Amino acid sequence: MTAAELPFAAPSESALCARSWLDRAFPWLVAALLIVGCSLRIRAWAFARSFWADEAMLALGISKRTLASLLDALPYDQAAPPGFVALVRATTWLFGESERAFRAVPLVAGLVSLPLFASVARRMLSRPAALFPLAAFAILSPV
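The shown structure was predicted, so the numbers you read here are calculated from the model rather than taken from an experiment. (Residues numbered from 1 in each chain as written. Predicted model: local features only at pLDDT ≥ 70, side-chain atom pairs only at ≥ 80, totals over all residues. Heavy atoms only, no water.)

### Structural notes on the overall build of the protein chain
Next up, step 1: From N to C terminus, the protein chain includes six helices and zero strands.
Next up, step 2: Shown N-terminal to C-terminal, the secondary structure of the protein chain runs as helices and strands in the order α-α-α-α-α-α.
Next up, step 3: For the protein chain, buried positions account for 25% of its 143 residues. (Helix = DSSP H or I, 4+ residues; strand = E, 2+ residues; numbered from the N terminus. Buried < 20%, exposed > 50% of the residue type's maximum accessible area, 1.4 Å probe, protein only.)

Right, dumping it as structure tokens:
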């Protein structure tokens, strides 16, 4: 039995070359995916598409609230965490009741989630395997 036939043989030279290339390119690939993901999220926020029905009902429920009533149940069968409701109410109080103001908190959450997801993916998976879920998270449905 030759060394190449052994089940735990050392990796071939071409495999080592490919691995070293990926090790050098990995930070750049992650940075590119993060930039693409952030760009898609900012683009979706900047175009300020109309609200979907559930977003409109949530916006109506939040926009008419006083600070004291933020912990009460939301109307129109809507539910949201109290911290989210408070942050959205604060942004609409500061910047007005527009689609962009209502979506500012989800935008920031989406932007912060990208590097956090990259960090978790890198800790849980190998470098090549971490690129696939990060790419999916960055580019699929950023709105």
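From this point, things continue past the structure.
### Focus: a nonpolar patch on the surface
Next up, step 1: Judged by side-chain polarity, Val 36, Ile 139 and Leu 140 come together as a nonpolar surface patch covering roughly 260 Å² of accessible area.
Next up, step 2: With respect to the helices, strands and loops of the structure, Leu 140 is situated in the segment after helix H6 (127-139).
Next up, step 3: Owing to a relative accessible area of 55%, Leu 140 belongs among the exposed residues under this scheme. (Patch = residues over 30% accessible without salt bridge, like charges linked within 9 Å, V, L, I, M, F, W, Y side chains within 5 Å. Areas by Shrake-Rupley, 256 points an atom, 1.4 Å probe, with all protein chains shown as cover. Salt bridge = Lys/Arg side-chain N within 4 Å of Asp/Glu carboxyl O.)

### Brief notes about the nonpolar core
Next up, step 1: With nine residues, the main nonpolar core is built from Leu 58, Ala 59, Ile 62, Leu 70, Leu 74, Val 85, Val 88, Phe 102 and Val 105.
Next up, step 2: Elements with a minimum of two residues in this core: helix H2 (53-63) and helix H3 (82-95).
Next up, step 3: With sequence-adjacent residues up to four places away left out, Ala 59 is seen in contact with Phe 51 and Phe 102. (Core = buried A, V, L, I, M, F, W, Y, C linked by side-chain atoms within 4.5 Å. Contact = heavy atoms within 4.5 Å.)

### Observations regarding the packing of aromatic side chains
Next up, step 1: Tallied over the full model, the rule gives two aromatic pairs.
Next up, step 2: Taking the centre distance of 5.8 Å and the plane angle of 75° together, the rings of Phe 51 and Phe 102 count as edge-to-face. With Phe 51 in the loop between helix H1 (13-46) and H2 and Phe 102 in helix H4 (residues 99-102), this residue pair connects regions lying 51 residues apart in the sequence.
Next up, step 3: A relative accessible area of 26% means that Phe 51 is categorised as partly exposed. (Phe/Tyr/Trp six-rings, centres within 6.5 Å; stacked < 30°, edge-to-face > 60°.)

### Regarding the packing of H2 against H3
Next up, step 1: In contact at an axis separation of 10 Å, H2 and H3 are set at 75° when each is read in the N-to-C sense. Overall, the two elements H2 and H3 adopt an arrangement that is roughly perpendicular. For the pair H2 and H3, contact is made by Leu 58, Ile 62 and Ser 63 and by Phe 84, Val 85, Val 88 and Arg 89, respectively.
Next up, step 2: Of the residues in the contact of H2 with H3, the class split is five nonpolar, one polar and one charged. (Axes fitted to C-alpha atoms, helices over the stretch in contact; angles between N-to-C directions. Parallel < 35°, antiparallel > 145°, perpendicular 65-115°, else oblique. Nonpolar A, V, L, I, M, F, W, Y, C, P; charged D, E, K, R; others polar.)

### Some points on the environment of Val 112
Next up, step 1: Tracing the backbone shows Val 112 in helix H5 (residues 104-124).
Next up, step 2: Placed 74 residues apart in sequence, Val 112 and Cys 38 show a C-alpha to C-alpha distance of 9.2 Å.

### Overview of H5
Next up, step 1: Between its first and last C-alpha atoms H5 spans 30 Å; for 21 residues at 1.5 Å apiece the expected length is 30 Å, and the two agree.
Next up, step 2: In the structure, H5 departs most strongly from a straight axis at Ser 113, where the bend amounts to approximately 25° and where the proline Pro 115 lies between one and four residues downstream.
Next up, step 3: When we look at burial in H5, the residues that qualify are Ala 104, Val 105, Leu 107, Gly 110, Leu 114, Ala 118 and Ala 121. (Expected span 1.5 Å × (residues − 1). Bend = angle between axes of the 7 residues up to and from the residue.)

### Side note on the side chain of Gln 78
Next up, step 1: Among the secondary structure elements, Gln 78 is positioned in the loop between H2 and H3.
Next up, step 2: Take Gln 78: its relative accessible area is 18%, and that puts it in the buried class.
Next up, step 3: What Gln 78 contacts, discounting residues up to four positions off in sequence, is Asp 54, Met 57 and Leu 58.

### A short note on the packing of H5 against H6
Next up, step 1: Between H5 and H6, whose axes approach to 9 Å, the crossing angle comes to 155°. Judged on the interaxial angle alone, H6 and H5 are roughly antiparallel. When the axes of H5 and H6 are compared, the crossing they make is right-handed. Every residue of H6 that contacts H5 at Ser 113, Leu 114, Phe 117, Ala 118, Ala 121 and Arg 122 is listed here: Arg 127, Ala 130, Pro 133, Leu 134, Phe 137 and Ala 138. (Left-handed = near helix turned anticlockwise from the far one by under 90°.)

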